[in-house]
Structures are given as C-alpha cells and as structure tokens.
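Survey of secondary and tertiary structure
For reference, the chains in residue letters:
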Amino acid sequence: MSRDNFQLAYDGPAVRDGGMDVYELAPALLSIGDLIRDANRFLNQERASVSVQVESDFKHGSFEISLVVDQTLLASAREMLFAASISEAKDLLLILFGSTSVTGAIVGLIKLYKMLKGKKPEPSAIKIDNSSTTIINNINVDSRTANLYLNDGIRSQVDRIVAPVAKQGYDKMEVRKDKKVLEEINKNDLPEKLLSEGTGEGALMNTREALLNVVTANFEKGKWRFSDGTSKFSADLNDPAFRQRLESREVGFFKGDVLRVNLTSSQTVKPDGKVHSEYSIDKVIEYRPGPTQQKLLPAPKKPE
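This part covers the overall build of the protein chain. Of the regular secondary structure elements, the protein chain holds eight helices and 15 strands. Across the 304 residues of the protein chain, 42% fall into the buried class. Intrachain contacts of the protein chain at a sequence separation of at least 6 include 63% that bridge at least 24 residues. Summed over its atoms, the accessible surface of the protein chain is roughly 16,900 Å², and 50% of this surface lies on carbon and sulfur atoms.

Relative to strand 13 (residues 258-269), strand 9 (residues 204-216) runs antiparallel, the two being bridged by 10 bridges. By the bridge assignment for strand 13, L204 is matched with Q267. As judged from the 12 bridges shared by strand 13 and strand 14 (residues 275-288), these two strands associate in the antiparallel manner. From the neighbouring strand, T268 faces strand 14, where its bridge partner is H276.

Taken in spatial order, the five strands of this closed barrel run 9-10-11-14-13, and their pairing is mixed. Across this sheet, the average inter-strand angle for adjacent strands is 55 degrees, counted without regard to direction.

Another aspect to go through is the side chain of S280. In this fold, S280 is placed in strand 14. Engagement of the side chain of S280 in a polar contact is seen with the side chain of D282, the distance being 3.2 Å.

Turning our eyes to something else, we now look at the nonpolar core. F97 and M173 are the most contacted members of the largest nonpolar core, which has 41 residues in total. With six residues, the top contributor of residues to this core is helix 1 (residues 22-44). Beyond its immediate chain neighbours, meaning those up to four positions away, M173 contacts L8, A9, Y10, I161, V162, V165, E183, E184 and I185. Core analysis: the second largest hydrophobic core is formed by 17 residues, A235, F242, V261 and I281 among them.

With that settled, the discussion passes to the sheet that holds strand 6 (residues 139-142). The three strands are arranged 4-5-6 in an open sheet whose pairing can be described as antiparallel. Here the strands that pair on one side only, and so sit at the sheet edges, are strand 4 (126-128) and strand 6. Shown here is a sheet whose adjacent strand axes are inclined to one another by a mean of 30 degrees, direction ignored. Both strand 4 and strand 5 (residues 133-136) contribute to a ladder of three bridges, which runs antiparallel. Looking across to strand 5, one finds that I126 is bridged to I136.

Let us now look at the packing of aromatic side chains. Enumeration according to the criterion identifies four aromatic pairs in this entry. Aromatic pair F226 and F233: ring centres 6.3 Å apart, planes at 35 degrees, arrangement tilted. Here the two residues F226 and F233 agree in accessibility, since each one is buried. With a centroid separation of 4.8 Å and an interplanar angle of 40 degrees, the aromatic rings of F233 and Y279 are classed as tilted.

Turning our eyes to something else, we now look at the environment of Y23. Note on placement: Y23 falls in helix 1. The exposure class of Y23 is exposed, given its relative accessible area of 69%. As a C-alpha pair, Y23 and N206 span 183 residues in sequence and 9.3 Å in three-dimensional space.

As a further point, take the pattern of salt bridges. Counting across every chain of the model gives 15 salt bridges. Taking the shortest distance from any N to any O, the salt bridge between R155 and D152 comes out at 2.8 Å. Of the two residues, R155 and D152 are both situated in helix 6 (residues 152-162); the distance of three residues between them amounts to about one turn of the helix. Taking the relative accessible area as the measure of exposure, D152 reaches 32% and is therefore partly exposed. Three or more residues joined by partner-sharing salt bridges are found here, namely K172, E174, R176 and E184.

Next up on the list: unusual backbone geometry. Positive phi, close to 65 degrees, is recorded for N138, a residue that is not glycine. Counting through the fold element by element, N138 comes out in the loop between strand 5 and strand 6. You will see that D178, though not glycine, has its phi angle at about 50 degrees, which is positive. Its place among the elements puts D178 in the loop between strand 7 (172-177) and strand 8 (180-186).

What counts, and at which threshold
- Residues numbered from 1 in each chain as written.
- Predicted model: local features only at pLDDT ≥ 70, side-chain atom pairs only at ≥ 80, totals over all residues.
- Heavy atoms only, no water.
- Helix = DSSP H or I, 4+ residues; strand = E, 2+ residues; numbered from the N terminus.
- Buried < 20%, exposed > 50% of the residue type's maximum accessible area, 1.4 Å probe, protein only.
- Contact = heavy atoms within 4.5 Å.
- Areas by Shrake-Rupley, 256 points an atom, 1.4 Å probe, with all protein chains shown as cover.
- Pairing = 2+ DSSP bridges.
- Axes fitted to C-alpha atoms, helices over the stretch in contact; angles between N-to-C directions.
- Polar contact = N/O pair within 3.5 Å; in protein donor to acceptor, adjacent residues only side chain to side chain.
- Core = buried A, V, L, I, M, F, W, Y, C linked by side-chain atoms within 4.5 Å.
- Phe/Tyr/Trp six-rings, centres within 6.5 Å; stacked < 30°, edge-to-face > 60°.
- Salt bridge = Lys/Arg side-chain N within 4 Å of Asp/Glu carboxyl O.

Written as structure tokens, this is what we have:
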C-alpha cells in the first residue's frame, strides 16, 4: 500500500469566511475523485486500486484529500513482473499536479491544462519525441502527462474541477502540498466555454443518475445518441475507463442494451434569449445487456 496527500483550495470573496456553496463544491469533489481513479486505471490498468478520502474540516476555503493506492502483487509470478511499472500514489499526484522541484519537460496535468487553456490540440501539433517525452504545440511534455491530457474524458474532469473559478466570487484554485503551492488556476487560465457558462445569465448544471438506451454509438470523435425512454438527445461519452473497455472489445452494443450512468446537463441562455442544453456522460456505472441480443447494425453479407 502506498499513500500520499494534497490540498485543493478555492479562494475568493465567496470563500473568505471559510464557506463554499455545496453545489459548487460537490461536483468538484466528485470530479477530483473520478480524475484520480481514472488516471490510476489509465496508467496502471487493473494492477492497482485507489480510494480517495476527504480529511479536512473545510476551514478557510481549503480541504485536504488523502490518496490511497492499495496494490496486490503476490497473486502470481506474472503480476510480480509488473511491480516496477506501477505508478504509486506519489507518482499519480506528480503526474496530475506536478512538483515545485520538477524541471525540464512539463510534468503535471493541471499545468499543461493551464498552458493550453483546456483546449484539445490538433493532431498535427502532437509529436512523439521519444518514449518519455511528447511535444504538444511546441511544448515538451512528459509522455504520461501528455497521454492523460489527450484523453477527452480526463480533460472534461479537469473542466469540472476548475469550474468554480469561473463563478462570481471565486478568484482562483490552488493545488498545495505541505503548504507549498504546486499549481494555481485563475480566471485567465480557463477555457472560454467555462467562462461563458460561469458568467452567462441562466447558466445551470445538473448531474443525476439515469438509465439510457444507446441509439447511435460513435467510436471516434463526436457525440453519441441516447434515449431515456421519453426523448432522444446527443451527449459526449466522457468516461475514459468505459472507452478503454470499448477499445479492448470487452463490451459491445446491441438493441435493448441499457447503460446506467451519471448524466450531466448544462443549460445556458443565449443572447437572443433561447435556452441551449448540452449533455455529457461522466461515468458509466453499469452496463446491462438487453433481454435479446439483436445487433444495432446488420452483419455484413459474406461474399458468394
């Protein structure tokens, strides 16, 4: 078992008295937990598990989260071969949040997010330099940090962690360790989409559990189509762990299959007064095969 900790702090007039709106804090806390768990699975596959606990009493607008990675390497000799390649708790935090002593290639998902303002780089701007370094927009980045940042689901989780900074009354977010600031995000570092959601009149976000049928699956770029039994809508599938299962062909979709998910809806009011809604699947909690396995698409005909 390895263990490490850090502090996540939001600052601004809204939290100077030590308080923070639960509707701002809860999504950020859930997203930091999802980010750490998904990063652990992304880097370690099934070789290590991680749990996230909150230990502080939330005074002065900051709170501390302890990260615990419990590894079991003695089940077989084959597992022992993977021991040296596992990213332990301190390594996960380094890859996600960086360090005050790191020099050279960019290490730290939050730092890279800040430098690129949360934007996904064009494929032409990405170059694999060597096994340990990737060049993104002419920036030398640690390959582990780069791989996390290029994952759409991971980047969306960072969006939700820094989202409170876009709101009125919040000035910045800091990641701290041992009273030292590892990284800081202020309003100028945020993507335009977060700033428009945070300042737009009528902006509203809601996350809930939902049961959905897959109408159209999109395994490349773009949105998926879902039905909740009442209406059909498009949504981004932002669960990196589930996408990994899709890529490894652990799951496939058939008519009547159901996904139990965490569904986030974001509503904003446009200047013309019209309400605009967007949906995203943050996490696939459960995959339920349908009672009869009928393929969504017909099988290709065999040549005669």
